[in-house]
Amino acid sequence: MNPRHLLIPLAGLAFAQPALATDDLQVYGIANFNGAGQCSSGNSHQRHVTTAALFASPFNFFSAVGMWNAVTTLNNTNAQGRWFSDAGKAASCSCTADDLNASHGIDDADVIWVHTHGSHVASGGMYYSSLSMGTNAYACEARTDTNIRAGQNGGDLDIAVIKACQSADYDVFVNGGYRPQISSATGGFTMWNGFHGDSSCSSATETNAFTYSWSTFSDGAGENWIDLFYNDSPVADSDDCPTSIVMGSTPVARLIMYANGGWRDRKNTGDKTASTLFYIAGCDPSNGRVLPTN
Amino acid sequence: MNRIARSPIALAFVLFAGCGVPPEAELAPEETSTRAAEASFTFDTSALTAIPAGTIPDVRLPLGAYDGPMVQRALLGTTESFTQTYSVSNRIEMSSPSFTYSTDMTRGMVLGVNALPPGPCAQGNVCVSDEALLTRAALSKLQSWGVGAGEIGEVWQRRLYGTDEDSGRVTAPALAAYKTFVNRAILGVRVDGHRAVVTHGLDGAFRRVIAKWPALASTGHLLHTRLTTADITGRATTALVNAGYSSGLVRLSWKYVSTENARGEATLSLVAAARLAPGGRGPDEPFEVDVDVSAVQ
């Protein structure tokens with residue numbers, strides 16, 4: 001990956017548009033685990049911080065020319081369970097839920113990128129994905145059932161991009177583990193992108209994070225995610241299966257957001273009373289079933 | 001001790017995709033050697049086949065492919081007139097009555113989208129009777145745009161599906177689109193992060209294309225190595241130890257990593273990708289490090 005991508009020149013602007021007051025990006029690269037004060041979840045992977053920077057880079061450029069408002073990087077200990085927790089779900093958090101925290105809470109942003117370790121449960125009457133946090137000072141897990149809910153009570157979050165294993169799982173989806181848990185009917189939270197099953201972590205992840213971010217300012221918030229991050233591995237049960245969950249009132253509205261939504265073109269999909277999970281059929285990851293055609 | 005190969009332990013230079021990311025653990029050389037000697041990786045080297053002699057193909061995507069007329073006519077297949085929506089540095093966004101697209105020549109990136117509503121499926125739930133036609137159409141489009149046959153690696157023809165849930169009711173998965181994934185490869189070795197994806201609608205009509213496919217520089221590519229498999233497994237061991245691992249199944253394969261200059265021309269360098277399978281004492285996720293193989297022309 002060419003480090004030049006982190007240094008985007010400021011020259012060559014045409015058609016500057018006013019900064020939009022509510023265009024905020026927050027990126028969370030959670031790379032450090034198992035150390036003092038850290039959460040226990042797999043090995044530390046510094047690449048999680050790298051992808052956060054690469055995803056943020058295009059937004060920094062658009063911000064510099066007045067076409068995006070704020071870009072905030074919240075890595076490791078700045079990715080805290082309380083900032084992923086909604087006050088309405090506070091009973092499950094050994095902390096003060098504060099997802100509306102200005103500049104830190106996920107529901108203070110319009111778009112978030114999270115790269116961390118993840119897991120899911122889809123059995124025994126429990127259906128959720130869990131994201132590992134950057135410090136054990138608060139909740140170590142941010143779960144879709146007991147912590148995360150966005151887009152209500154003044155929350156701003158529209159699009160969440162989650163680079164974590166098992167973060168948007170098919171079986172969790174069909175058992176109501178996402179939209180009914182993480183959104184509110186009248187809120188603006190529209191898109192949750194993640195992975196069914198495990199997702200690999202390689203240098204291609206870095207390239208794809210930048211390509212996805214740079215490509216998606218006007219179109220393809222869901223479709224670019226799938227096109228760029230899908231991988232058919234030569235090893236059995238090792239595919240990368242990106243999925244896009246779009247929430248809204250009608251299938252057409254959700255499809256339009258999936259195909260034609262962008263960071264600066266976040267579609268109004270109506271009340272979040274239903275959702276669609278988009279995926280590549282036949283994709284076969286580890287820790288996930290083969291994605292179905294019927 | 002590792003199975004399959006044992007080689008003199010060398011302090012490998014771990015590449016994290018050229019982004020200057022330091023190794024996970026800054027171990028002293030002596031500690032690295034000790035840990036490497038104690039490591040118990042099992043290496044699958046079956047994918048480290050001999051790379052053919054040769055260099056980049058003569059016919060390959062040129063920088064000019066990112067000029068407006070080439071994108072509009074050859075890639076999107078339209079003669080409509082376009083107007084510029086905005087230009088930010090090298091990222092240009094254009095629109096016509098039926099299409100929108102953005103390009104960045106300096107990064108070899110293009111996204112083109114048909115803005116009109118998709119047509120209906122004409123034949124029930126199996127909308128296109130011969131998906132091989134879509135594959136050929138996608139490849140023809142890319143080659144018209146300038147992609148050379150010698151740059152094309154694995155091609156995957158896939159189906160996009162959607163499943164709906166509504167107040168606890170879940171619908172059966174429904175076909176949403178057809179996708180042709182065209183992965184870039186040179187001399188049979190994949191190029192990391194370079195691909196084009198062409199999408200057709202249920203009526204078989206072209207819907208969109210996204211590509212990360214920078215033009216290749218004419219010189220400077222390091223496409224081969226003189227290292228032996230034993231050398232590479234030794235370096236991979238050190239790289240994985242430095243990343244904090246000590247055991248597990250590791251699959252080694254070739255790949256080219258790309259570095260682009262200010263004009264957008266990419267040079268390729270060979271590395272060995274060491275992918276550690278998850279589970280056991282391995283990582284929570286399939287984790288891959290790039291291993292320096294002292295690439296040569």
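Along each chain, residues carry numbers from 1 onward, in the same order as the chain's sequence is written. The lettering of chains begins at A and the numbering of ligands begins at 1, in the order of writing. Totals for whole chains, interfaces and linings use every residue, but because this is a predicted model, local features are given only for residues with pLDDT of at least 70 and side-chain atom pairs only at 80 or more, for both listing and counting. Heavy atoms from the whole structure form the basis of all side-chain values; hydrogens and water molecules are not counted.

Section: the pattern of salt bridges
Residue and element names in this part refer to chain B.
No. 1: Each salt bridge in this description consists of a side-chain nitrogen of Lys or Arg and a carboxyl oxygen of Asp or Glu lying within 4 Å of one another. Scanning all chains against the criterion turns up 26 salt bridges over all chains.
No. 2: When the shortest N-O distance is used, the salt bridge between Asp 104 and Arg 107 registers 2.8 Å.
No. 3: Here Arg 169 and Asp 166 are joined by a salt bridge, their closest N and O atoms 3.9 Å apart.
No. 4: Residue classification places Arg 169 among the exposed residues on the basis of a relative accessible area of 55%.
No. 5: Beyond isolated ion pairs, a larger network of salt bridges with shared partners links Arg 190, Asp 192, Lys 255, Arg 275, Glu 288 and Asp 290. Throughout this description, buried means an accessible area under 20% of the type-specific maximum (1.4 Å probe, protein chains only), exposed means over 50%, and partly exposed covers the range between.

Focus on the layout of surface pockets
No. 1: A cavity here means a set of 1 Å grid points, computed over protein atoms only, where a 1.4 Å probe fits but cannot escape. A pocket is an open set with protein on both sides within 12 Å along at least 5 of 7 lines, and lining residues have an atom within 4 Å of a point. Grid points are joined across faces, edges and corners, and a volume is the space filled by probe spheres set on the points. Its boundaries defined by the atoms lining it, the second largest pocket holds a volume of some 690 Å³.
No. 2: In terms of lining, the second largest pocket is formed by 31 residues, of which the most central are Leu 255, Ile 256 and Phe 278 of chain A together with Pro 118 and Ala 176 of chain B.
No. 3: In DSSP terms, a helix is any run of H or I states spanning at least four residues, a strand is any run of E spanning at least two, and both are numbered starting from the N terminus. Mapped by element, the contributors of at least two residues to the lining of the second largest pocket are α6 (251–260) and β11 (274–280) of chain A together with β6 (109–114), β7 (152–166), β9 (174–186) and β11 (206–212) of chain B.
No. 4: Only Asp, Glu, Lys and Arg are considered charged, only Ala, Val, Leu, Ile, Met, Phe, Trp, Tyr, Cys and Pro nonpolar, and every remaining residue, Gly among them, polar. Taken together, the residues of the lining of the second largest pocket sort by class into 19 nonpolar, 8 polar and 4 charged.

So, the pairing of strand β4 (residues 91–95) of chain B
Residues and elements named next belong to chain B.
No. 1: Pairing of strand β3 (residues 83–88) with β4, which is carried by 5 bridges, proceeds in the antiparallel orientation. Opposite Tyr 86, over in β4, you have Glu 93 as the bridge partner.
No. 2: As defined by bridge partners, β4 adjoins strand β5 (residues 99–104) across 5 bridges and the pair is classed as antiparallel. Its bridge partner being in β5, Ser 95 is matched across the sheet by Thr 100.
No. 3: Joining the antiparallel neighbours β4 and β5 is a turn of 3 residues. Strands were regarded as paired on the criterion that DSSP finds at least two bridges between them.

So, the nonpolar core
No. 1: The definition of a nonpolar core used throughout is a set of buried Ala, Val, Leu, Ile, Met, Phe, Trp, Tyr and Cys residues joined through side-chain atoms within 4.5 Å. Among the nonpolar cores identified, the biggest contains 90 residues, and Phe 55, Phe 62, Trp 113, Trp 192 and Trp 263 of chain A are the most heavily contacted of them.
No. 2: For this core, the element with the most residues is helix α1 (residues 47–64) of chain A, which contributes 7 residues.
No. 3: Grouped together as the second largest cluster of nonpolar side chains are 35 residues, Cys 201 of chain A together with Ile 51, Leu 252 and Val 291 of chain B included.

Remarks on the pairing of strand β10 (residues 189–200) of chain B
Remark: a regular strand shows side chains that alternate across the two faces of the sheet.
All names here are of chain B.
No. 1: Counting buried residues along β10, 11 of its 12 residues qualify, which places the element largely inside the surrounding structure.
No. 2: In terms of strand pairing, β9 meets β10 through 8 bridges, oriented antiparallel. For Lys 179, the partnering residue across the bridge sits in β10 and is Thr 199.
No. 3: In this antiparallel pair of consecutive strands, β9 and β10, the connection spans 2 residues, and Leu 187 shows a positive phi of 55°.
No. 4: Pairing between β10 and β11: 6 bridges, direction antiparallel.

Describing the interface of chain B and chain A
No. 1: A contact between two residues is defined here by any heavy atoms of the two lying within 4.5 Å. Contacts between the two partners involve 63 residues from chain B, matched on the other side by 84 residues from chain A.
No. 2: By buried area we mean how much accessible surface two parts lose on assembly, using a 1.4 Å probe and totalling the loss over both. Between chain B and chain A, roughly 6,100 Å² of surface is buried when both sides are summed, and carbon and sulfur atoms account for 51% of that area.
No. 3: Interface area lost by chain B to chain A is led by Arg 107, Glu 165 and Glu 285 of chain B, which between them contribute 11%.
No. 4: Applying the counting criterion to the chain B and chain A interface returns 6 salt bridges.
No. 5: One salt bridge connects Asp 227 of chain A with Lys 179 of chain B, and the closest N-O pair in it is separated by 2.8 Å.
No. 6: Pairs of N or O atoms are called polar contacts if they sit within 3.5 Å, as long as, within protein, a hydrogen donor faces a hydrogen acceptor (for residues adjacent in sequence, only side-chain-to-side-chain pairs). Where chain B touches chain A, the interface holds 28 residue pairs in polar contact (both at pLDDT 80 or more).
No. 7: For the side of chain B that touches chain A, the leading source of residues is β7 of chain B, giving 10 residues.
No. 8: As defined by bridge partners, β11 of chain A adjoins β7 of chain B across 7 bridges and the pair is classed as antiparallel. If you follow Ile 280 of chain A over to β7 of chain B, its bridge partner there is Leu 160 of chain B.

Nothing here speaks to function; it is all geometry.
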